[in-house]
Amino acid sequence: FYIYLFNFKITLGKNGVPVAENFRLEQSTITDTVQAGQVRVKTLYLSVDPYMRCRMNEDTGSDYLQPWQLSEVADGGGIGVVEESKHENLAKGDFVTSFTWPWQTVAVLDGSSLQKLVPRLVNGRLSYFLGAAGITGLTALLGIREKGHVAAGANQTMVVSGAAGACGSLAGQIGRLEGCSRVVGIAGTDEKCSILVQEMGFDAAINYKKGDVAKQLRELCPGGVDVYFDNVGGDISDTVISQMNQNSHIILCGQISQYNKDVPYPPPLPPDIEKIQKERNITRERFLVLNYMDKQEASVLQLCQWIQEGKVKVRETVLEGLANIGAAFQSMMNGGNIGKQIISVSK
């Protein structure tokens, strides 16, 4: 039978802005034979994430990421349903996920590479397992717990950049739940800022495309910044760091403003900002959620509980159809999404 494969078309090189034309859609055949230990799955949802920009270079800059190969099927976080199984722990109808799901409508996969999902944990919203109850949520929760040094009752102020994105929108809410007394988000549109405050419980939000960000930050964080959840890097982060307190903490989650440039990760700070960081003893350590997978199960259950209780609000930007994944990737890299960027492949 036929399936659709989404193949990589060209690389961008170390500098450049990804566009939809960097991908192509191909129709191809797949074996109808499922071997022992394998399952055939139908793809339901695919995740589109900023880190994937790094996979568009031969040198990803990260030892845990493999570059996508020209004219090979791309992959990332995905969810599907088992259509046929020859794996002892998986049955037809099971919902499964993987961090290396191929971008195609149907696939034959090694059953041991898949994790079985329990839909009731997310009130039946399966796509949440790619975001709020998946790696994205784990990154926000464990980043705050492992690198944020948040303590209930300590009257800490947290600032989140990229605050309306997949991880940032969760990080602000989790920071509050973990004990921060004030949470301020930075985003790129008035709509995003409104959602952060009215829907997600942020105390305030700054549209960095309007007005003087440093001035607004001083007004909204009069006691300075104690915890900074950094998703963007660049000028915005420099502005926040300059207002951080003594012995404060940066959770270095992402640097999306730098991903289209040939710079090391994490990118070095400008000399004047680096001086502030050192003089104020501000921690800025690379955070990789994959280093904390021993805490995955308990953390996912915590995230699911918050979702069920309505303590964490979830936003998704969903595009229908595999053919739109290139456009979704381009839009996401330009801030076009609110919450997690998802492709709905099949119903």
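See the structure shown above.
Note that the coordinates shown come from a computational prediction; the quantities given were computed from them, not determined experimentally.

> Honestly, the sheet that holds strand 13 (residues 283–286) in this entry has me stumped. Any pointers?
Here six strands make up an open sheet; going across it, the order is 10-9-8-11-12-13 and the pairing parallel. Since the sheet does not close on itself, it has two edges, and those belong to strand 10 (204–207) and strand 13, each with one partner. Ignoring strand direction, the axes of neighbouring strands in this sheet form an average angle of 20°. Pairing between strand 11 (residues 225–230) and strand 12 (residues 244–252): five bridges, direction parallel. In the strand pairing of strand 12, Asp230 is matched with Leu252.

> It is not clear to me how the packing of helix 1 (residues 135–148) against helix 2 (residues 166–178) should be interpreted in this structure. Could you clarify?
For any two helices packed against each other, the geometry is given by the interaxial angle and the distance between the axes. Two numbers describe how helix 1 lies on helix 2: the axes approach to 9 Å, and their chain directions differ by 40°. Taken together, helix 1 and helix 2 sit at an angle that is classed as oblique. Handedness of the crossing formed by helix 1 with helix 2: right-handed. Packed against helix 1, whose contacting residues are Thr136, Gly137, Thr139, Ala140, Leu141, Ile144 and Arg145, the element helix 2 presents Ala166, Cys167, Leu170, Ala171, Ile174, Gly175 and Glu178 at the interface. In terms of residue class, the contact of helix 1 with helix 2 is made up of eight nonpolar, four polar and two charged.

> Just to check I follow, could you spell out the pairing of strand 10 for this structure?
The side chains of a regular strand alternate, residue by residue, between the two faces of the sheet. The pairing of strand 9 (residues 182–187) with strand 10 spans four bridges and is classified as parallel. Within the sheet, the bridge partner assigned to Ile186 lies in strand 10 and is Ile206. You can see the chain leave strand 9, run along helix 3 (residues 190–198) and come back into strand 10, and the turn it takes is right-handed.

> What's the story with unusual backbone geometry in this structure? I'm lost.
Backbone phi values are negative for most residues with the exception of glycine, while trans is the configuration of most peptide bonds. Positive phi, normally seen in glycine, also occurs at His149, with a value near 55°. With respect to the helices and strands, the residue His149 is situated in the loop between helix 1 and strand 8 (157–161). The residue Asn247 is not glycine, and still its phi comes out positive at about 60°. The residue Asn247 is located in strand 12 in this model. Using a relative accessible area of 45% as the deciding quantity, one classes Asn247 as partly exposed.

> Even after reading the chapter, I still don't get the packing of aromatic side chains, so can you show me in this structure?
Geometry of an aromatic ring pair is reported as the spacing of the ring centres plus the angle between the planes. Taken as a whole, this structure holds one aromatic pair when the rule is applied. Taken together, a centroid distance of 5.4 Å and an interplanar angle of 20° make the contact between Phe287 and Tyr292 stacked. Each member of the pair, Phe287 as well as Tyr292, carries the same accessibility label: buried.

> I keep staring at the pairing of strand 9 and nothing clicks. Help me out?
The buried fraction of strand 9 amounts to five of the six residues, a majority that puts the element mostly inside the structure. With five bridges joining them, strand 8 and strand 9 adopt parallel strand pairing. In the strand pairing of strand 9, Val160 is matched with Gly185. Since strand 8 and strand 9 lie parallel, the crossover through helix 2 that links them has a hand, and here it is right-handed.

> I keep staring at helix 2 and nothing clicks. Help me out?
Each full turn of the α-helix corresponds to 3.6 residues, which orients residues three or four apart in the same direction. The terminal C-alpha atoms of helix 2 lie 19 Å apart, and with 13 residues this matches the ideal 18 Å at 1.5 Å per residue to within 8%. With respect to burial, helix 2 is a largely interior element, 10 of its 13 residues being buried. Restricting attention to buried positions, one finds in helix 2 the residues Ala166, Cys167, Gly168, Ser169, Leu170, Ala171, Gly172, Gln173, Ile174 and Gly175. In this structure, the buried residues of helix 2 make contact with helix 1, strand 8, strand 9, strand 11, helix 7 (296–309) and strand 15 (340–344). Downstream of helix 2 by one or two residues, Gly179 has phi in the positive range, about 135°.

Rules used throughout
Residues numbered from 1 in each chain as written. Predicted model: local features only at pLDDT ≥ 70, side-chain atom pairs only at ≥ 80, totals over all residues. Heavy atoms only, no water. Pairing = 2+ DSSP bridges. Helix = DSSP H or I, 4+ residues; strand = E, 2+ residues; numbered from the N terminus. Axes fitted to C-alpha atoms, helices over the stretch in contact; angles between N-to-C directions. Parallel < 35°, antiparallel > 145°, perpendicular 65-115°, else oblique. Left-handed = near helix turned anticlockwise from the far one by under 90°. Contact = heavy atoms within 4.5 Å. Nonpolar A, V, L, I, M, F, W, Y, C, P; charged D, E, K, R; others polar. Right-handed = clockwise from strand over helix to strand, strands pointing away. Buried < 20%, exposed > 50% of the residue type's maximum accessible area, 1.4 Å probe, protein only. Phe/Tyr/Trp six-rings, centres within 6.5 Å; stacked < 30°, edge-to-face > 60°. Expected span 1.5 Å × (residues − 1).

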